[in-house]
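Structural features, examined
Residues per chain are reported as follows:
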Amino acid sequence: FVLGGIVLVWVAALLAGGRAAPRLRRTPVNIGVAVFLGLAVASVLLNLQVLVNVDDFSLAVKKLALLLAYAAFFFVAASVLRPPEVRSFVALTIALACIAALGTIWEYRTGTNLFYDLTAKAIPPGFSLGAETLDSEFGRPAVTGPTQHGLALTTMLAFALPLTVVGVVRSPTLGRKLAYSAATAVVVAGTVATLRKTAVLVPAAALLIMLVYWRGQLLRLAPLGLVLVMVIQVLSPGALASIRGQLQPDRLSSSDSTQGRTADYTAVAPDVKAHLATGRGYGTYDSHKYRLLDNQYLVL
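By convention here, each chain's residues receive numbers from 1 onward along its written sequence. Two thresholds apply to this predicted model, a pLDDT of at least 70 for residue-level local features and 80 or more for giving and counting side-chain atom pairs, whereas whole-chain, interface and lining totals are computed over all residues. Only heavy atoms go into the side-chain values, all of them from the structure, while hydrogens and water stay out.

Digging into the overall build of the protein chain
- The helix and strand labels rest on DSSP assignments: H or I over at least four residues marks a helix, E over at least two residues marks a strand, and numbering proceeds from the N terminus. A count of helices and strands for the protein chain gives 15 helices and 2 strands.
- Dimensions of the protein chain, computed from C-alpha atoms along their principal axes, come out at roughly 60 × 55 × 50 Å.
- Per-residue accessibility, obtained with a 1.4 Å probe over protein chains only, is compared with the maximum for each type, and a residue is labelled buried under 20%, exposed over 50%, and partly exposed between these values. Going through the 300 residues of the protein chain one by one, you find that 30% of them count as buried.
- Contacts are residue-level and defined by heavy atoms, with any inter-residue pair within 4.5 Å sufficient. Across the protein chain, the fraction of contacts at a sequence separation of at least 24, relative to all contacts at a separation of at least 6, is 71%.
- Surface exposure of the protein chain reaches about 18800 Å², of which carbon and sulfur atoms provide 68%.
- We count Lys and Arg on the positive side and Asp and Glu on the negative side, and we leave His and both chain ends out. Working definition for charges: the position is that of NZ of Lys, CZ of Arg, CG of Asp or CD of Glu. Taken together, the 25 basic and 14 acidic charged side chains of the protein chain have centroids lying 17 Å from each other. In these tables, accessible area is a Shrake-Rupley quantity obtained with a 1.4 Å probe, and a residue counts as shielded only by the protein chains included in the view.

Re the packing of aromatic side chains
- Aromatic contacts are taken between Phe, Tyr and Trp rings whose centres are within 6.5 Å, Trp giving its six-membered ring; a plane angle under 30 degrees counts as stacked, one over 60 as edge-to-face, and the others as tilted. Scanning the model with the defined rule gives 3 aromatic pairs in all.
- Taken together, a centroid distance of 6.1 Å and an interplanar angle of 90° make the contact between Phe-36 and Tyr-282 edge-to-face. Residue Phe-36 is located in helix α2 (residues 28–46), and its partner Tyr-282 is located in the loop between α14 (256–274) and α15 (296–299); the two are separated by 246 residues in the primary sequence.
- For Phe-36, a relative accessible area of 38% gives the class partly exposed.
- For the ring pair Phe-74 and Phe-75, a centre distance of 5.2 Å and an interplane angle of 70° mean the geometry is edge-to-face.
- Judged by relative accessible area, which is 26%, Phe-74 ranks as partly exposed.
- You can call Phe-75 buried: its relative accessible area is 18%.

Structural notes on the pattern of salt bridges
- What counts as a salt bridge is simple: a side-chain nitrogen of Lys or Arg found within 4 Å of a carboxyl oxygen of Asp or Glu. Taken as a whole, this structure holds 4 salt bridges when the rule is applied.
- With a shortest N-O distance of 2.8 Å, Asp-56 and Lys-289 are connected by a salt bridge. With Asp-56 in the loop between α3 (48–53) and α4 (57–80) and Lys-289 in the loop between α14 and α15, the pair connects residues that are 233 residues apart, well separated along the chain.
- The class for Lys-289 is partly exposed, based on a relative accessible area of 41%.

Quick notes on a nonpolar patch on the surface
- Only residues whose relative accessible area exceeds 30% and that form no salt bridge enter a patch; like-charged residues are grouped when within 9 Å of one another, and nonpolar side chains (Val, Leu, Ile, Met, Phe, Trp, Tyr) when within 5 Å. On the surface, a nonpolar cluster with roughly 600 Å² of combined accessible area is contributed by Val-80, Leu-81, Val-86, Phe-89, Leu-92, Leu-96 and Ile-99.
- The element contributing the most residues to the nonpolar patch is helix α5 (residues 83–110), with 5 residues.

Examining helix α9 (residues 198–213)
- By this rule, a helix spans an expected 1.5 Å times one less than how many residues it contains. Here α9 contains 16 residues, and its C-alpha end-to-end distance of 23 Å stays within 8% of the 22 Å for a straight helix at 1.5 Å per residue.
- When we look at burial in α9, the residues that qualify are Ala-199, Pro-203, Ala-206 and Met-210. Along α9, the residues classed as buried sweep out an arc of 60° about the axis, all on the same side. In α9, the exposed positions angled more than 90 degrees off the buried face are occupied by Leu-208, Ile-209 and Val-212.
- As for α9, its buried residues are in contact with α7 (150–170), α8 (174–192), α10 (215–220) and α12 (239–246). Comment: arc refers to directions from the helix axis out to C-beta atoms.

Shown next, in the form of structure tokens:
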């Protein structure tokens, strides 16, 4: 409802025009989002009768509504934010990421989730918060921070990591470089504290992409990486060793976690072949009804 109100104000400002009006630009990103949105709607319309027959139409409507909300928020933000405001939002994102990371490190070291404990005291009676408490299937303690699952937390912190690295590269003064370096260490230590293989793989992928664009600048920061490893060992002792053990070739290929994911490809192959162009309807592959897919690309 709040987003709906924001969109109404945005439309009114767009229609009013003037220097302060939102500016919609035909950038590749904007066009890509619009095309994806159109394909998602078309996929549901083309499979409408089938979705009704298998009782998945209501799920399609809910998923499209959520997608429309994301798209609306994207276009509002992309058309009204100014460069100085973007810098402020980046600073806010890094600050929030550090708070999430520090709380996660505390949870890893003590077993106490401050985010859930403090929130539980503040919310009215009758509401309950639930997070993963034990990943017993794969022998790892569940470290979730402010999220419901460790993978969500890992992804959030991994998104913030390039921002801190850019801060280290671009900061004009030594003091700011040290501050961004400290933020990088905290974010990485918080990511590793989740004890997920993704905690190494996703940040590595992000840094690899940055290396392609800023090879010279990042190579000069290589000595900082050694310091970063030592800081991680201090903040999240033992976490790197645990993840390194999970990434050993024999354990990686034989673990239930890996085998469950690779088996998904064969399982969904008939659906992909039957609806190669448009899919069976955006968001209608219900994991509770058909199969739990750990790969978002396969779901799409």
